[in-house]
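# Examination of the molecular architecture
Listed below are the residues making up each chain.
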Amino acid sequence: MKITDIREARVSIASDIANAYISFAKMDVSVLAISTDVWVDGRQVVGYGFNSNGRYAQSGLLRERFLPRLREADSQALLDDSGTNLDPFRVWDVLMANEKPGGHGERSVAVGIIDMAVWDIVAKAENKPLAQLLAERHGDGTADAKVSVYAAGGYYYPGKQVSALKDEMRDYLDLGYTCTKMKIGGVPLAEDLERVEAAIEVVGNASRLAVDANGRFELKTALAFAEGLAPYGVRWYEEAGDPLDYALQQQLGEHYAPPMATGENLFSHQDARNLLRYGGMRADRDILQMDPVLSYGLVEYLRMLNVLKQHGWSPRQCIPHGGHQFALNIASGLKLGGNESYPRVFAPFGGFADSTPIERGYVAIPAMPGIGFEDKRELMKVFDKHLR
Ligand SMILES: O=C([O-])CC(=O)C(=O)O
Ligand SMILES: [Mg+2]
């Protein structure tokens with residue numbers, strides 16, 4: 001196998017929504033296509049990648065550093081022992097040559113975009129869904145046929161009232177979701193609790209609603225919200241404080257017994273390890289949300305799962321951030337606890353295959369080779385428009 005072409009572009013996903021920390025008014029993503037000289041069933045093997053929302057397009061890092069390394073590599077150095085397919089771990093070593101440890105910054109996002117396209121290629125060359133390939137190579141041999149997904153939304157939006165939040169939650173239930181997530185921390189506690197109560201009224205039970213503060217609070221506010229939220233028993237309380245403030249997380253856990261969640265802004269297995277060492281996260285109930293694309297790709301995510309195992313955690317406690325078809329394949333193949341979904345935001349990057357509707361909170365993996373982007377018509381249109 002040889003890489004014959006690499007194309008990259010920046011695509012806007014700007015919108016008026018905001019969480020407690022950022023507005024998405026200027027949000028964009030990088031898209032990437034890597035073509036190979038291999039054909040399977042009459043189709044050229046081309047891998048696609050993009051970054052999860054929340055971190056911006058990585059054009060500079062891709063163009064100036066990581067794609068030149070891929071282009072300049074000896075093609076043999078990228079291949080597995082058979083010489084007929086890419087080896088994602090060897091590609092990763094090529095990309096990360098001459099990069100110092102620590103200070104992960106956003107290079108992890110640029111590497112994650114390339115890693116996604118590489119896994120798409122590897123599974124297509126093997127003519128298998130990525131979930132199945134992962135189950136065989138890195139799991140217990142079988143993939144979960146369907147994955148539990150929840151609808152993430154409940155953003156702040158100019159002029160949005162409680163009634164609009166309720167309509168949004170109702171819409172998610174109509175789409176087939178049973179669990180949802182909403183933002184908190186963008187308005188005072190009393191106002192947020194009104195929003196939370198309204199959302200619970202629609203979803204029917206607090207255990208079906210998660211809340212996400214996006215790292216907004218210092219300890220005092222995190223604890224005040226914990227006290228306000230505790231009587232409801234929501235599904236989880238996400239990113240109360242700064243993602244790297246492990247002491248805050250640990251102290252929150254001492255005061256708040258229901259599940260906590262965090263991890264979407266930890267971009268390396270070393271950061272995830274520090275969370276488990278120092279963050280007071282509880283393996284019997286808390287949720288880890290590291291995002292395989294934002295954090296140097298699936299190659300690094302596998303290292304994170306290894307760290308988890310060493311600390312006595314089950315992969316079932318992982319529900320990755322990202323809400324896309326790549327993370328869905330990972331959740332299925334490696335038997336995670338579920339996957340995020342963004343039914344109405346970040347389209348067409350969020351969401352799953354056209355042929356697999358959400359049914360009672362679960363979604364299936366289409367029986368097609370690779371990640372399955374070819375079964376997402378609107379996303380393929382974006383790739384075709386920007387990468388041809
Ligand atoms: O609002 C965001 O940045 C997305 C987010 O935290 C999530 O999906 O959990
Ligand atoms: Mg979040």
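Thresholds applied
Residues numbered from 1 in each chain as written. Chains lettered and ligands numbered in written order. Predicted model: local features only at pLDDT ≥ 70, side-chain atom pairs only at ≥ 80, totals over all residues. Heavy atoms only, no water. Donors = N, O, S within 2.8 Å, 3.2 Å for Na, K, Ca; no water. Helix = DSSP H or I, 4+ residues; strand = E, 2+ residues; numbered from the N terminus. Phe/Tyr/Trp six-rings, centres within 6.5 Å; stacked < 30°, edge-to-face > 60°. Buried < 20%, exposed > 50% of the residue type's maximum accessible area, 1.4 Å probe, protein only. Lys NZ or Arg CZ within 6 Å of the ring centre and 35° of its normal. UniProt positions renumbered as here; feature names shortened; annotations may be inferred. 1 Å grid on protein atoms, 1.4 Å probe; cavity = no way out; pocket = protein on both sides within 12 Å on 5 of 7 lines; lining within 4 Å. Polar contact = N/O pair within 3.5 Å; in protein donor to acceptor, adjacent residues only side chain to side chain. Points joined across faces, edges and corners; volume = space filled by probe spheres on them. Nonpolar A, V, L, I, M, F, W, Y, C, P; charged D, E, K, R; others polar. Domains from an automatic or database assignment. Axes fitted to C-alpha atoms, helices over the stretch in contact; angles between N-to-C directions. Parallel < 35°, antiparallel > 145°, perpendicular 65-115°, else oblique. Left-handed = near helix turned anticlockwise from the far one by under 90°. Contact = heavy atoms within 4.5 Å. Expected span 1.5 Å × (residues − 1). Salt bridge = Lys/Arg side-chain N within 4 Å of Asp/Glu carboxyl O. Near = heavy atom within 4 Å. Areas by Shrake-Rupley, 256 points an atom, 1.4 Å probe, with all protein chains shown as cover. Pairing = 2+ DSSP bridges.

The magnesium ion (ligand 2) binds to the protein through Asp212 (OD), Glu238 (OE) and Glu264 (OE), with metal-donor distances spanning 2.0 to 2.2 Å. Spacing between the donor residues of the magnesium ion (ligand 2) along their common chain follows D-x25-E-x25-E. With Glu238 in strand E7 (residues 237-238) and Glu264 in the loop between strand E8 (260-262) and helix H9 (269-278), the pair connects residues that are 26 residues apart, well separated along the chain.

To continue, consider the packing of aromatic side chains. Scanning all chains against the criterion turns up 14 aromatic pairs. Between Phe24 and Tyr155, the aromatic rings sit 5.7 Å apart at their centres with planes inclined by 85°, giving edge-to-face as the arrangement. With a gap of 131 residues between them, Phe24 in the loop between strand E1 (3-12) and strand E2 (28-40) and Tyr155 in the loop between strand E4 (146-152) and helix H5 (162-175) connect regions that are remote in the sequence. For the ring pair Tyr155 and Phe346, a centre distance of 6.2 Å and an interplane angle of 90° mean the geometry is edge-to-face. Residue Tyr155 is located in the loop between E4 and H5, and its partner Phe346 is located in the loop between strand E10 (339-341) and strand E11 (362-364); the two are separated by 191 residues in the primary sequence. As far as the burial class goes, Tyr155 and Phe346 line up, both buried. One aromatic cluster is present, formed by Tyr48, Phe50, Phe349, Phe373 and Phe383 through successive ring pairs. Directly above the aromatic system of Trp92 lies the positively charged group of Arg303, at a separation of 4.0 Å from the ring centroid.

Sequence positions flagged by UniProt for "site: Transition state stabilizer" (unreviewed entry) are, in local numbering, Asn53, Lys181 and Glu340. Lining the largest cavity, out of the annotated residues just given, are Asn53. With respect to the element layout, Lys181 can be found in strand E5 (residues 180-183). One polar contact links Lys181 to Glu238, side chain to side chain, over a distance of 2.8 Å. Examined against the element boundaries, Glu340 turns out to sit in strand E10. Overall, Glu340 belongs to the buried group, its relative accessible area being 3%.

The full count for this structure, using the stated rule, is two cavities of 30 Å³ or more. Roughly 50 Å³ of internal volume is contained in the largest cavity. Ile13, Val29, Phe50, Asn51, Ser52, Asn53, Gly322, His324, Tyr342, Phe346, Phe349 and Gly350 together form the lining of the largest cavity. A per-class count over the lining of the largest cavity returns six nonpolar, six polar and no charged. Inspection of the lining of the largest cavity shows a minimum of three residues originating in each of domain 1 (3-127) and domain 2 (137-387). Pro88, Val91, Trp92, Leu95, Val111, Asp115, Val118 and Val299 are the residues that line the second largest cavity. Counting residues per element, the ones that place at least two in the lining of the second largest cavity are helix H2 (88-95) and helix H3 (107-125). A per-element tally of the lining of the second largest cavity places H2 first, with four residues.

Contact pair helix H1 (residues 59-72) / H3: the axes reach a minimum separation of 10 Å and the direction vectors enclose 45°. Relative to H3, the element H1 lies oblique. For H1 against H3, the interelement crossing comes out right-handed. The residues of H3 that touch H1, namely those facing Leu61, Leu62, Arg65, Phe66, Leu67 and Leu70, are Arg107, Ala110, Val111, Ile113 and Ile114.

Turning next to helix H6 (residues 189-203). Along its 15 residues, H6 runs 21 Å from first to last C-alpha, staying within 8% of the 21 Å computed at 1.5 Å per residue. Among all positions of H6, only Asp192, Leu193, Arg195, Val196, Ala198, Ala199, Ile200, Val202 and Val203 are buried. The first or second residue beyond H6 is Gly204, which carries a positive phi of 100°.

In this section: the pattern of salt bridges. Counted by the stated rule, this structure contains 30 salt bridges. When the shortest N-O distance is used, the salt bridge between Asp212 and Lys181 registers 3.8 Å. Taken together, the residues span a long stretch of sequence, with Asp212 in strand E6 (residues 209-212) and Lys181 in strand E5 at a distance of 31 residues. Owing to a relative accessible area of 1%, Asp212 belongs among the buried residues under this scheme. The shortest N-O distance in the salt bridge between Arg303 and Glu300 comes to 2.5 Å. Residue Arg303 and its partner Glu300 are located together in helix H10 (residues 297-310), separated by three residues, close to a single helical turn. Accessibility expressed as a relative area gives 26% for Arg303, which makes it partly exposed. Because the salt bridges share partners, they merge into one network encompassing Lys181, Lys183, Asp212, Glu238 and Glu340.

This next bit is on the site of ligand 1. Taken together, 13 residues lie near ligand 1, and Tyr155, Lys181, Asn214, Glu340 and Tyr342 sit nearest. Tyr155 is positioned such that a nitrogen or oxygen atom in its side chain is 2.8 Å from an oxygen atom of ligand 1. At a separation of 2.9 Å, an oxygen atom of ligand 1 approaches a polar side-chain atom of Glu264. For ligand 1, the accessible surface in isolation is 270 Å², of which the surrounding protein chains cover 97%.

Pairing within the open sheet is antiparallel, and its three strands lie in the order E1-E2-E3. Two strands lie at the open edges of the sheet, namely E1 and strand E3 (43-50), each paired on one side alone. When the angles between neighbouring strand axes are averaged without regard to direction, this sheet yields 20°. Bridge count between E1 and E2: nine bridges; the pairing is antiparallel. Following the sheet pairing, Val11 is matched in E2 by Val29. Lying over the sheet, H3 contacts E2 and E3, oriented at roughly 155° with respect to E3. Against the sheet, helix H12 (residues 377-387) engages E1, E2 and E3, with an angle of about 110° to E1.

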